[in-house]
Amino acid sequence: MLPLFALITIQTSFDGGSLGRIEKVSEVHFRLGAKGDVDQDKRNRQANWYYFRVDGAKLGTKLTLDMVDLPGEYNYKPNRGAIQKETPPVISYDNERWKHLETFTYDADEPKLRLEVTPAAARFWIAHVAPYTNAHLDRLRQRARRSRAFREEKIGKSVQGRDLFVWTIEPSGPARKTIWLMFRQHSWESGSSYAGEGAVLELLENESLRRGVRWKIFPFCDPDGVARGNVRFNVHGYDLNRNWDVEDPVKMPEIAAQRNAIRKWLEQGNKIDLFYSLHNTETGEYLEGPPGKEHATLAERFFAALISKTSFHPSRRLTFSTASTTEGMRGRMNVAQGLYNDWKLPAFLMEQRISFNEKLKRLPLPEDRIRFGRELVAAIRKAVE
Ligand SMILES: [Zn+2]
């Protein structure tokens, strides 16, 4: 027999789980703080990752969950927080298949996002966007290793000792070009990883994309952050997509390992014809080219190919990066700025929104990201031809 008053519990003690304070207002109403993440100077708080499990919910009884503690700071400018009415959470009853929660309201004054869940089962999971954890990556690795075109190299270890990889997908025939992809520099941006998975699968399955082209991939740049359910910064508080003008293998071994892999590749007399890193934002979607105008033609070709071949639906025109995200301050170059500064590489940064995409006509789900990754590699291939 079920107890008369089964208590609801809220858990985050699993890979990627995250919440700050948990306050019980009543048996069916909780206030849940976004944990948030700050940098090495306790600045630039970003609070847009939460992932938790509810147990003991009563079927058909509405549960109110208020997401609070949202305000933050971005590039030293304060904001009301990245969690807003455009970014409803996803819900899952098996921790595998996700859909967006449709019953929510946003209160801009507090600010808070109020979720109203009428559960279809006693146990369910809620997250900011569909999680992609170290376990997901490991499944992809096992699958990729079955292909003879796939090669994996360990390039270092994260602060907490997790392996960092570069994957190579070998060309069929002699390689004329090398394209280098990078995914998941920021731990909350799981959409980047789903797209990375789509890209890898497409390259392994579609031989024509490998003809004459070698693909190198950094699949997972902050494994510690993903495991810890973190938002943006590594264990020591460093933003792995700033600090590309700093060499510090102790505080930021992730960047050091990646830069050394690129340096080694170039010092062996190889080139990189296009470098691409994929990120997520709330509502903005854009492609940013390298600072140098010598890559403008390639940038225009790439931008056009993304629009014609993928679900990329930019919120602004093609832009070119400045030399740094914060002029005159050390530790503020992103990967594209850093690679241009060091080697004049044609390095691109793309942001993909998690809010409604007019081209998809819906809020993006993992299957949309995977499809985008498949389309992405075809678009890049076309841009460098
Ligand atoms: Zn990012």
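Residues numbered from 1 in each chain as written. Predicted model: local features only at pLDDT ≥ 70, side-chain atom pairs only at ≥ 80, totals over all residues. Heavy atoms only, no water.

## Points about the nonpolar core
Here comes step 1: Counting residues in hydrophobic clusters, the biggest one holds 58 residues, and the most contacted among them are Leu 181, Tyr 276 and Phe 302.
Here comes step 2: Shared between two domains, this core takes at least three residues from each, and those domains are domain 1 (9–127) and domain 2 (134–384).
Here comes step 3: Residues contacting Tyr 276, with those up to four places away along its chain left out, are Trp 180, Leu 181, Met 182, Phe 302, Phe 348, Met 350, Phe 372, Leu 376 and Ile 380.
Here comes step 4: Counting 27 residues, the second-largest nonpolar core is a separate cluster that includes Val 246, Met 252, Met 333 and Val 335. (Core = buried A, V, L, I, M, F, W, Y, C linked by side-chain atoms within 4.5 Å. Buried < 20%, exposed > 50% of the residue type's maximum accessible area, 1.4 Å probe, protein only. Domains from an automatic or database assignment. Contact = heavy atoms within 4.5 Å.)

## Some remarks on the coordination of the zinc ion
Here comes step 1: The coordination sphere of the zinc ion, as far as protein atoms go, consists of His 186 (ND1), Glu 189 (OE), Glu 189 (OE) and His 279 (ND1), spread over 2.1 to 2.4 Å.
Here comes step 2: Around the zinc ion, the four donor atoms are arranged such that angles at the metal cover 56 to 139 degrees; this shape is classified as irregular.
Here comes step 3: Binding-site remark: the zinc ion is held by donors from one chain whose sequence spacing is H-x2-E-x89-H. Assigned by exposure class, His 186 and Glu 189 land together as buried. (Donors = N, O, S within 2.8 Å, 3.2 Å for Na, K, Ca; no water. Tetrahedral: all angles 85-135°; square planar, octahedral: opposite > 155°, others 65-115°.)

## Description of unusual backbone geometry
Here comes step 1: In this structure, Pro 111 follows Glu 110 across a cis peptide bond, with omega equal to -10 degrees.
Here comes step 2: Mapped onto the elements of the fold, Pro 111 is located in the loop between β10 (104–107) and β11 (112–117).
Here comes step 3: We note that Tyr 76 has phi near 70 degrees; this positive angle belongs to a residue other than glycine. (Helix = DSSP H or I, 4+ residues; strand = E, 2+ residues; numbered from the N terminus.)

## Regarding helix α4 (residues 253–267)
An α-helical turn contains 3.6 residues, so any two residues separated by three or four positions project in the same direction.
Here comes step 1: With 15 residues, α4 should reach 21 Å at 1.5 Å per residue; the first-to-last C-alpha distance of 20 Å fits that figure.
Here comes step 2: For α4, the tally of buried residues reaches 11 of 15 residues, placing the bulk of the element in the interior.
Here comes step 3: Regarding α4, the residues found buried are Pro 253, Glu 254, Ile 255, Ala 256, Ala 257, Gln 258, Arg 259, Ala 261, Ile 262, Trp 265 and Leu 266. (Expected span 1.5 Å × (residues − 1).)

## Considering the packing of aromatic side chains
Pairs of aromatic rings are described using the distance from one ring centre to the other and the angle between the two planes.
Here comes step 1: Applying the stated criterion across every chain yields a total of 13 aromatic pairs.
Here comes step 2: Ring centres of Trp 49 and Tyr 51 lie 6.0 Å apart, and the angle between their planes is 70 degrees; on these two criteria the pair is classed as edge-to-face. Of the two residues examined, Trp 49 and Tyr 51, each falls in the buried class.
Here comes step 3: Plain terms: the ring middles of Tyr 51 and Trp 98 are 6.1 Å apart, the flat faces sit at 65 degrees to each other, and that makes the pair edge-to-face. Taken together, the residues Tyr 51 in strand β4 (residues 51–55) and Trp 98 in the loop between β8 (90–92) and β9 (99–100) connect sequence positions 47 residues apart. Of the two residues examined, Tyr 51 and Trp 98, each falls in the buried class.
Here comes step 4: Connected via pairs of aromatic rings, a cluster forms that spans Phe 14, Trp 49, Tyr 51 and Trp 98.
Here comes step 5: Lys 216 extends its terminal NZ or CZ atom over the ring of Trp 180, reaching a point 5.5 Å from the ring centre.
Here comes step 6: Above the plane of the ring of Tyr 340 lies Lys 344, whose end atom (NZ or CZ) is 4.7 Å from the centre. (Phe/Tyr/Trp six-rings, centres within 6.5 Å; stacked < 30°, edge-to-face > 60°. Lys NZ or Arg CZ within 6 Å of the ring centre and 35° of its normal.)

## Observations concerning the pairing of strand β13 (residues 150–157)
Residues in a regular strand project their side chains so that they alternate between the two faces of the sheet.
Here comes step 1: Across seven bridges, β13 lies against strand β14 (residues 163–169) in antiparallel orientation. In the sheet register, Phe 150 faces β14, and the bridge partner there is Ile 169.
Here comes step 2: Connecting β13 to the next strand, β14, in antiparallel fashion are five residues, including Gly 161 with a positive phi near 85 degrees. (Pairing = 2+ DSSP bridges.)

## Thoughts on the side chain of Gln 337
Here comes step 1: The topology assignment puts Gln 337 in helix α6 (residues 335–343).
Here comes step 2: You can call Gln 337 buried: its relative accessible area is 3%.
Here comes step 3: A polar contact of 2.8 Å, which involves the side chain of Gln 337, links it to the backbone nitrogen of Asn 334. (Polar contact = N/O pair within 3.5 Å; in protein donor to acceptor, adjacent residues only side chain to side chain.)

## Observations regarding the packing of helix α5 (residues 296–309) against helix α7 (residues 366–384)
Here comes step 1: Their axes nearest at 8 Å, the elements α5 and α7 cross at an angle of 145 degrees. For the element pair α5 and α7, the recorded crossing hand is right-handed. Across from Leu 298, Arg 301, Phe 302, Ala 305, Leu 306 and Lys 309 in α5, the residues of α7 making contact are Phe 372, Glu 375, Leu 376, Ala 378, Ala 379, Ile 380, Lys 382, Ala 383 and Val 384.
Here comes step 2: Across the contact of α5 with α7, the residue classes tally to 11 nonpolar, no polar and four charged. (Axes fitted to C-alpha atoms, helices over the stretch in contact; angles between N-to-C directions. Left-handed = near helix turned anticlockwise from the far one by under 90°. Nonpolar A, V, L, I, M, F, W, Y, C, P; charged D, E, K, R; others polar.)

## A few points about the domain arrangement of the protein chain
Here comes step 1: Split by domain assignment, the protein chain resolves into domain 1 (9–127) and domain 2 (134–384).
Here comes step 2: Relative to domain 2, the C-alpha centre of domain 1 lies at a distance of 28 Å.
Here comes step 3: Counting from both sides, the interface comprises 26 residues of domain 1 and, opposite them, 26 residues of domain 2.
Here comes step 4: Both faces combined, the contact of domain 1 with domain 2 buries some 2,200 Å², and carbon together with sulfur accounts for 52% of it.
Here comes step 5: There are one salt bridge connecting domain 1 and domain 2.
Here comes step 6: For the pair domain 1 and domain 2, the interface holds 11 residue pairs in polar contact (both at pLDDT 80 or more).
Here comes step 7: Looking at the side of domain 1 that touches domain 2 residue by residue, the class counts come to eight nonpolar, 11 polar and seven charged. (Buried area = accessible area lost by both parts, 1.4 Å probe. Salt bridge = Lys/Arg side-chain N within 4 Å of Asp/Glu carboxyl O.)

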